[in-house]
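Structure assessment
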Amino acid sequence: MIIFRTILPYRKWLREQRSQGKSIGFVPTMGALHEGHLSLLRAAGNNGQTTVCSIFVNPTQFNDPNDFKLYPITTESDIQQLVSIGTDVLFLPSVEEMYPEGAIQQTYFELGNLENIFEGAFRPGHFQGVCQVVSRLLDIVAPHNIYMGQKDYQQCMVIARLLELKQSAISLKIMPTLRETSGLAMSSRNMRLSEEERKKATAIWRTMNEMVGKLSSIPVPDLEKEAEQKLLAAGFDKVDYCTPADATTLGPWQPGTDAVILCAAFMGKVRLIDNLLVHA
Ligand code: AMP
């Protein structure tokens, strides 16, 4: 695996790849890699694509400075995992390399209502920061395909919008969420949970699945209330939301249409998110 910490050598390498007619599959991450990240890279490695993973903990997408400070950094183990699955390139830039003019947001991305609901509402500025970093990474890495996890459902919608705004021909591939056998969605933030907390956190998966059977028979506000009570009873400390939304727009869900159950809740200071698609 080649590790690039700066842009120029990467671009020289990219030119060679292009001249050999190679296609680039790109997986942007914030590191603390787990099987979920690796599944995206494995998907990108199919069809003979050259795989590029980036690791960059982007300061501009954290609305909570403490969350940024506590974000796990496990670079050595990340590199080992990437090598073990045959990743071709790791792009591992510094903040200065990514934002030579400072990390202040230069461009406003017109995300419409996506920015004001769910993660957008609870993490003001988060999606602008995500667009800032992904836009910059796409300009540098110049992939043919970008692979992202359904685990961050709203983020996938935001990136689809970003690609439209950039009038980009890059194709977004959304991959399924990898879970522990307990149902807990794999997440870098799980590293901050104790064994006991990990067990309790499986309540998100259980609660979402229990909601599926009740979607068409119980009014949404009652479902939300019941879900919140279940999560609190299971040991979560605060529930930001646990509710069905329209799977295409994230607007209010109407019976007879595809739903996505979206959930965000705090276990201690660790905020976990997950979702479940329910086809009509
Ligand atoms: P992160 O490092 O958390 O920014 O995640 C990098 C990419 O990995 C994003 O596209 C995530 O949606 C994806 N991802 C995170 N967790 C999982 C998972 N459990 N299964 C599949 N993809 C995931």
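It should be emphasised that the depicted structure is a prediction, and the values quoted were computed from it without experimental measurement. (Residues numbered from 1 in each chain as written. Predicted model: local features only at pLDDT ≥ 70, side-chain atom pairs only at ≥ 80, totals over all residues. Heavy atoms only, no water.)

Of regular secondary structure, the protein chain possesses 11 helices and 9 strands. Over its C-alpha atoms, taken along the principal directions, the protein chain stretches across nearly 60 × 40 × 40 Å. Across the 280 residues of the protein chain, 51% fall into the buried class. Contacts spanning at least 24 positions in sequence make up 71% of the contacts within the protein chain whose residues lie at least 6 apart. For the protein chain, the computed accessible surface area is about 13,000 Å², with 53% contributed by carbon and sulfur atoms. (Helix = DSSP H or I, 4+ residues; strand = E, 2+ residues; numbered from the N terminus. Buried < 20%, exposed > 50% of the residue type's maximum accessible area, 1.4 Å probe, protein only. Contact = heavy atoms within 4.5 Å. Areas by Shrake-Rupley, 256 points an atom, 1.4 Å probe, with all protein chains shown as cover.)

Once that is clear, we can look at the sheet that holds strand 6 (residues 171-175). If you trace the 6 strands from one edge of the open sheet to the other, you get 1-4-3-2-5-6, paired in parallel fashion. With one partner strand each, in any of the chains shown, strand 1 (2-4) and strand 6 form the two edges of the open sheet. Geometrically, the sheet is characterised by an average inter-axis angle of 25° between neighbouring strands, direction not taken into account. In the sheet, strand 1 pairs with strand 4 (residues 89-91) via 3 bridges, with the strands oriented parallel. Considered in strand 4, the bridge of isoleucine 3 is made with leucine 90. Lying on the sheet, helix 7 (residues 126-141) is in contact with strand 2 (24-29), strand 3 (50-55), strand 4 and strand 5 (145-149); it crosses strand 2 at an angle near 150°. (Pairing = 2+ DSSP bridges. Axes fitted to C-alpha atoms, helices over the stretch in contact; angles between N-to-C directions.)

Tracing the chain through its elements places threonine 29 in strand 2. For threonine 29, a relative accessible area of 7% puts it in the buried group. Reaching out from threonine 29, the side chain makes a polar contact with the backbone nitrogen of glycine 31 at a distance of 3.0 Å. (Polar contact = N/O pair within 3.5 Å; in protein donor to acceptor, adjacent residues only side chain to side chain.)

The next subject is the site of the ligand. The environment of the ligand is made up of 16 residues, and the closest members are Met30, His37, Asp152, Leu178 and Met186. Measuring from an oxygen atom of the ligand, one finds a side-chain N or O atom of aspartate 152 at 2.6 Å. Here a nitrogen atom of the ligand sits 2.8 Å away from a polar atom, N or O, in the main chain of leucine 178. Burial of the ligand by the surrounding chains reaches 92%, relative to a free accessible area of 480 Å². Elements with a minimum of two residues in the shell around the ligand: strand 2, helix 2 (35-45) and strand 5. Among the elements that make up the shell around the ligand, the one with the highest residue count is helix 2 (3 residues). In terms of residue class, the shell around the ligand is built from 8 nonpolar, 6 polar and 2 charged. (Near = heavy atom within 4 Å. Nonpolar A, V, L, I, M, F, W, Y, C, P; charged D, E, K, R; others polar.)

Where helix 7 meets helix 8 (residues 153-165), the axes come as close as 10 Å, and the angle between the chain directions of the two elements is 55°. One finds that helix 7 runs oblique with respect to helix 8. Remark: the crossing between helix 7 and helix 8 carries right-handed chirality. Counting all contacts with helix 7, which are made through Phe127, Val130, Cys131, Val134, Ser135 and Leu138, the residues of helix 8 involved are Gln154, Gln155, Val158, Ile159, Leu162 and Leu163. Within the contact of helix 7 with helix 8, the residues separate by chemical class into 9 nonpolar, 3 polar and no charged. (Parallel < 35°, antiparallel > 145°, perpendicular 65-115°, else oblique. Left-handed = near helix turned anticlockwise from the far one by under 90°.)

Turning to helix 7, a few remarks are in order. Over its 16 residues, helix 7 runs 22 Å from end to end, which matches the ideal 22 Å to within 8%, given 1.5 Å per residue. By the criterion of burial, helix 7 is predominantly enclosed, with 14 of the 16 residues buried. Positive phi appears at alanine 142, one or two residues downstream of helix 7, with a value of about 50°. (Expected span 1.5 Å × (residues − 1).)

Within the largest apolar cluster, 46 residues are counted, with the highest numbers of intra-cluster contacts made by Tyr10, Trp13, Val52, Met98, Val134, Leu250 and Leu262. Mapped by element, the contributors of at least two residues to this core are helix 1 (7-19), strand 2, strand 4, helix 7, strand 5, helix 8, strand 7 (238-246) and strand 8 (259-267). With sequence-adjacent residues up to four places away left out, valine 134 is seen in contact with Ile146, Ile159 and Leu162. In terms of nonpolar packing, the next biggest core, distinct from the first, is built from 24 residues, Leu193, Met211, Ala227 and Cys242 among them. (Core = buried A, V, L, I, M, F, W, Y, C linked by side-chain atoms within 4.5 Å.)

Glancing now at the pattern of salt bridges. One pass over the full model with this rule turns up 14 salt bridges. Of the charged contacts, one joins aspartate 67 and arginine 192 as a salt bridge, the two residues approaching to 3.4 Å between their closest N and O atoms. Of this pair, aspartate 67 sits in helix 3 (residues 65-69) while arginine 192 sits in the loop between strand 6 and helix 9 (195-201), placing them 125 residues apart in sequence. Owing to a relative accessible area of 14%, aspartate 67 belongs among the buried residues under this scheme. Across the pair lysine 230 and glutamate 226 runs a salt bridge, and its minimum N-O distance is 3.4 Å. With a gap of 4 residues between them, lysine 230 and glutamate 226 both fall in helix 11 (residues 220-234), about one helical turn apart. One network of salt bridges, with partners in common, ties together Asp67, Arg123, Arg189 and Arg192. (Salt bridge = Lys/Arg side-chain N within 4 Å of Asp/Glu carboxyl O.)

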